[in-house]
Amino acid sequence: MNAEERRFEVLRAIVADYVATKEPVGSKALVDRHNLGVSSATVRNDMATLEEEGFIVQPHTSAGRVPTDKGYRMFVDRLHEIKPLTAAERRAIRRFLEGALDLDDVLRRSVRLLAQLTQHVAVMQYPTLTRSTVRHLEVVTITSSRLLLVLIANTGRIDQRVVELDEEIDDDDLARLRDLLNSAMAEKHFEEASAAVSSLPEQAPPELKDVLTRICSVLTETLVEHPEERMVLGGTPNLTRNVADFPNSLREVLEALEEQVVVLKLLTTARDANTVQVRIGMENEAKEMQTTSVVSTGYGAGGMVLGGLGVVGPTRMDYPGTMAAVRAVASYVGEILVGR
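All of these numbers come straight from a predicted model, not from anything done at the bench.

Trainee: Sorry if this is basic, but what is going on with the sheet that holds strand β7 (residues 231–234) here?
Mentor: Pairing between the strands of a sheet comes from backbone hydrogen bonds, and it takes one of two forms, parallel or antiparallel. The sheet built from five strands is open, its strands ordered β7-β3-β10-β9-β8 with antiparallel pairing. On the outer flanks of this sheet lie β7 and β8 (277–280), each paired with one strand and no other. Mean inter-strand twist for the sheet, computed between neighbouring axes without regard to direction, equals 20°. The pairing of strand β3 (residues 121–125) with strand β10 (residues 304–314) spans four bridges and is antiparallel.

As structure tokens, then:
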């Protein structure tokens, strides 16, 4: 083992101990707890070099050191593989998620599970509409002049809209409308479906043109992205259990999570279901998030990424375990949604 590899082993040991104990780590503790195969003096020298290079820092006058953002980045970058979850953990995840009743339930269960597995805040983006296809449109009569449109996507996402008509409609015309709309929209991506719907009134029978114009106007609006509806969050109390990890910044982090915009921006960059992204501290563009780490990935199946999910926690986190949990939950969510 050369000097560089040995120093990385020292850094890895410091990360492990600091994550576990929340206390700055000294050279004696490293020698006592880890089989580094070198003397205390060598460990002290390696720690001095790591500090000079910005990988660790002395937070106060104690002899202990803690990793910096740069140190965590080096640690994460040199993880040769993400440790797999146990077979029992994988079975538990699948069983828990497969019990979901609908899309909303899948997302709620996913963030609850991810928050429990990691002890951080879990966030998940709703399936991106532009990547979804229309499975079916149901048109239901509420009254003779009021209709309920139920748009069902291939991901299980359901949007409902009420349409007020200027005239009454009978069952025969309702059936014709339903057939016209589904013929135009079924199996199309939302963007294509929106274009098909917007031109539909021009091709409609004269007696249905006014009604269809009203319906298509509502549908076109429904088929457009609604960013404010696109995230579900769970496990916020986990942050408050680690107040010391957020000196003078916990309120800012909580406010950013509540506003959602900052986190959504992070999740929308998670467009690869095969890669787990880790942003550490100052790597996060938003100032409010620069005392956190964000671990995220895309979810989907069959080459189709529907959205992003991940966790937000302190930079002092179990990166291998957190990355494994994020990847596992994303994998099962994708299978469940695409298989619906």
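Trainee: Can you walk me through the sheet that holds strand β6 (residues 158–164) in this structure?
Mentor: The antiparallel open sheet is built from three strands, whose spatial order is β4-β5-β6. Sheet topology places β4 (134–143) and β6 at the edges, where each strand pairs with a single neighbour. Averaged over all pairs of adjacent strands, the angle between their axes in this sheet comes to 20°, without regard to strand direction. Of the strands in this sheet, β4 and β5 (146–153) are in contact with helix α7 (residues 171–185), which crosses β4 at around 160°. Seen against the sheet, helix α10 (residues 209–222) touches β4, β5 and β6 and runs at an angle of roughly 150° to β6.

Trainee: Hey, could you run me through the packing of helix α4 (residues 69–77) against helix α14 (residues 319–338) in this one?
Mentor: Helix-helix packing is characterised by the crossing angle of the two axes and by the distance between the axes. Contact pair α4 / α14: the axes reach a minimum separation of 10 Å and the direction vectors enclose 55°. Between α4 and α14, the angle falls in the class oblique. Viewed along their axes, α4 and α14 form a crossing whose handedness is right-handed. Contacts from Tyr72, Phe75 and Val76 in α4 reach Tyr319, Pro320 and Met323 in α14. For the contact of α4 with α14, the class distribution of residues is six nonpolar, no polar and no charged.

Trainee: Hey, could you run me through the environment of leucine 149 in this one?
Mentor: Inspection of the secondary structure assignment puts leucine 149 in strand β5. A relative accessible area of 2% places leucine 149 in the buried class. Remark: the alpha-carbon pair of leucine 149 and valine 139, spanning ten residues in sequence, is separated by 4.9 Å. Beyond its immediate stretch of four places on either side in the chain, leucine 149 contacts Leu137, Glu138, Val139, Asp159, Gln160, Arg161, Val163, Ile215, Val218 and Leu219.

Trainee: I keep staring at unusual backbone geometry and nothing clicks. Help me out?
Mentor: In most cases, non-glycine residues show a negative phi, while peptide bonds are predominantly trans. For glutamine 119, which is not glycine, the phi torsion reads 60° and is therefore positive. If you trace the backbone, glutamine 119 turns up in the loop between α6 (103–118) and β3. Residue class for glutamine 119 comes out partly exposed when judged on its relative accessible area of 41%. Despite not being glycine, glutamate 187 shows a phi value in the positive range, around 70°. Note that glutamate 187 resides in the loop between α7 and α8 (190–198).

Trainee: It is not clear to me how the pattern of salt bridges should be interpreted in this structure. Could you clarify?
Mentor: Side chains that differ in sign of charge can pair as their charged atoms come close. Evaluated as defined, the whole model comprises 18 salt bridges. Glutamate 283 is the partner of arginine 73 in a salt bridge, and the nearest nitrogen-oxygen pair spans 2.7 Å. Of this pair, arginine 73 sits in helix α4 while glutamate 283 sits in the loop between β8 and β9 (292–301), and the two are 210 residues apart along the sequence. Put simply, glutamate 207 and arginine 176 hold a salt bridge, and the shortest N to O gap is 2.9 Å. Here the residue glutamate 207 occupies a position in the loop between α9 (200–203) and α10, and arginine 176 occupies one in helix α7, the gap between them amounting to 31 residues. Overlapping salt bridges bring together Arg73, Asp77 and Glu283 as one network.

Trainee: Please clarify how the pairing of β5 should be interpreted in this entry.
Mentor: The side chains of a regular strand alternate between both faces of the sheet. For β5, a buried count of six out of eight residues is recorded, marking the element as mostly surrounded by other parts of the structure. As judged from the eight bridges shared by β4 and β5, these two strands associate in the antiparallel manner. Residue pairing in the sheet places glutamate 138 in a bridge with valine 150 of β5. If you look at the hairpin formed by β4 and β5, you'll find two residues sitting between the two strands. Two successive antiparallel strands, β5 and β6, enclose a turn made up of four residues, where glycine 156 displays a positive phi of approximately 95°.

Trainee: Quick question: what am I supposed to make of the side chain of threonine 322 here?
Mentor: Structurally, the position occupied by threonine 322 is in helix α14. Setting aside residues up to four positions removed in sequence, threonine 322 forms contacts with Thr118, His120, Val295, Val311 and Met317.

Trainee: Any chance you could explain the packing of helix α5 (residues 87–98) against α6 here in plain terms?
Mentor: For the pair α5 and α6, the least separation of the axes is 9 Å and the interaxial angle reads 150°. Relative to α6, the element α5 lies roughly antiparallel. Like other packed secondary-structure pairs, α5 and α6 cross with a definite hand, here right-handed. Contacts between α5 and α6 involve Ile93, Phe96 and Leu97 from the former and Val106, Arg109, Ser110, Arg112, Leu113 and Leu117 from the latter. Of the residues assigned to the contact of α5 with α6, the class counts are six nonpolar, one polar and two charged.

Quick notes on the rules
Residues numbered from 1 in each chain as written. Predicted model: local features only at pLDDT ≥ 70, side-chain atom pairs only at ≥ 80, totals over all residues. Heavy atoms only, no water. Pairing = 2+ DSSP bridges. Helix = DSSP H or I, 4+ residues; strand = E, 2+ residues; numbered from the N terminus. Axes fitted to C-alpha atoms, helices over the stretch in contact; angles between N-to-C directions. Contact = heavy atoms within 4.5 Å. Parallel < 35°, antiparallel > 145°, perpendicular 65-115°, else oblique. Left-handed = near helix turned anticlockwise from the far one by under 90°. Nonpolar A, V, L, I, M, F, W, Y, C, P; charged D, E, K, R; others polar. Buried < 20%, exposed > 50% of the residue type's maximum accessible area, 1.4 Å probe, protein only. Salt bridge = Lys/Arg side-chain N within 4 Å of Asp/Glu carboxyl O.

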